[in-house]
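Report on the structure
Next come the chains, spelled out residue by residue.
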Amino acid sequence: MPSAPPVAALASGLPLNLAATVAAVVVAFAVTFAVARKAGRHSVIDVTWGAGFAVVAVVTLVLSAGDGDALQRAVVTAMTVLWGGRLAWHIERRGRGKGEDPRYVELMERAPAGRETFHIVTRVYLTQAVVLWFVSLPVQVAQYEQGGVGVLTWIGVAVWLVGITFEAVGDRQLAAFMADPSSKGQVMDRGLWRYTRHPNYFGDACVWWGIWLVAANEVPGLFTILSPVAMSFFLVFGTGKALLEKGMADRRPGYTDYVRRTSGFVPLPPKD
């Protein structure tokens, strides 16, 4: 009997994977909620955001054994785990010893009386769980593709490298700036921040477009394009750039001028 075509073979193993990753994400966020309640701050969910993608990648790697191309599986898993692990570590270290994030304080204050738990679970935990699972679809599909690595795979890796470099360097530069007492009340406009107001978010977008390019090496992966589109949308118009810049001009007097001369997302020469 002839072997099944690649797409049919992919489809035969993928449904079980999709169900397993849904379960893994639900467990991860349920554990996070329990930890958050005990710690008294919901900002611990920001650590789960990066770590959750790594969990999905590892679960899919295990389930796709014998189905997808070994090198393709290793590449996309490494890309996801390195990115997710670094982000989780960075956020955990940044928030260590600090209180609740003002975003979650404001969200809880807007909750109807007596429905605070339902409000935070539906608005934060459930929302992030759904987005995480949906954005991770290129990772899940790529691990079941059988055609092996190709040109798009390596282009994707290159885009991913640009992204994680921007994100890691931008985070490090910002951390050093914030740790300097003389920078209090000032605007970070040095290093990568001279060319984009959000090098970390730009890097984040590049990471997920790079992962999608790896998945797009075969036809099934092409259809997961809405995943990086969704991630980019949230970074620019949702909980990323738009939310972070809200009220920034009131807190930092020089921010209005910084906005005038600095690209909002894609790195460009400053308008000096």
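Residues numbered from 1 in each chain as written. Predicted model: local features only at pLDDT ≥ 70, side-chain atom pairs only at ≥ 80, totals over all residues. Heavy atoms only, no water.

1. A word on the packing of helix H3 (residues 70-95) against helix H8 (residues 199-215)
Just so we agree on the cut-off: Here an axis means a line fitted to C-alpha atoms, over the contact stretch when the element is a helix, while the angle between two N-to-C directions is reported on a 0 to 180 degree scale. Put simply, DSSP H or I for four residues or longer makes a helix, DSSP E for two residues or longer makes a strand, and each gets a number counted from the N terminus. For this classification, under 35 degrees means roughly parallel, over 145 means roughly antiparallel, 65 to 115 means roughly perpendicular, and everything else is oblique. Throughout, a crossing is termed right-handed when the near helix is turned clockwise from the far one, and left-handed when it is turned anticlockwise from it by less than a right angle. Note on contacts: a residue pair is in contact if any heavy atoms of the two residues lie within 4.5 Å. Polarity classes work like this: nonpolar for Ala, Val, Leu, Ile, Met, Phe, Trp, Tyr, Cys and Pro, charged for Asp, Glu, Lys and Arg, and polar for all others, with Gly in that last group.
Put simply, H3 and H8 touch, their axes get as near as 10 Å, and they point 170 degrees apart. Taken as axis vectors, H3 and H8 run roughly antiparallel relative to one another. Crossing handedness for the pair H3 and H8: left-handed. Of the residues in H8, those touching H3 at Gln72, Val76, Met79, Thr80 and Trp83 are Asp204, Val207, Trp208, Gly210, Ile211 and Val214. Residues that form the contact of H3 with H8 fall into these classes: seven nonpolar, three polar and one charged.

2. Here's the deal with the confidence of the model for the protein chain
Low pLDDT means the predicted atomic positions in that stretch should not be read closely. Note the cut-off: The quantity called pLDDT is the predictor's confidence in a given residue, expressed from 0 to 100.
Looking at the protein chain, the pLDDT average stands at 89 and 93% of residues meet or exceed 70. When the elements of the protein chain are averaged for pLDDT, helix H12 (residues 248-251) gives the smallest value, 65, and H8 the largest, 97.

3. Details of the nonpolar core
Applied cut-off: As used in this record, nonpolar core signifies buried Ala, Val, Leu, Ile, Met, Phe, Trp, Tyr and Cys residues forming a set joined through side-chain atoms within 4.5 Å. Accessibility here uses a 1.4 Å probe with only protein chains present; expressed as a share of the type maximum, an area under 20% marks a residue as buried, one over 50% as exposed, and anything in between as partly exposed.
Trp49, Phe53, Trp83, Tyr125, Trp208 and Ile211 are the most contacted members of the largest nonpolar core, which has 45 residues in total. The leading source of residues in this core is H8, at nine residues. Judged by nonpolar contacts, the second largest core, of six residues, contains Phe177, Val187, Tyr255 and Tyr258.

4. Quick look at the environment of Glu100
Rules: Any pair of nitrogen or oxygen atoms within 3.5 Å is treated as a polar contact; in protein, a donor-acceptor pairing is required on top of that, and neighbouring residues in sequence qualify only through side-chain atoms on both sides.
Within the fold, Glu100 resides in the loop between H3 and helix H4 (102-109). Take Glu100: its relative accessible area is 25%, and that puts it in the partly exposed class. When the C-alpha positions of Glu100 and Gly40 are compared, they lie 7.8 Å apart, and in sequence the two are 60 residues distant. A polar contact of 3.0 Å, which involves the side chain of Glu100, links it to the backbone nitrogen of Ser43.

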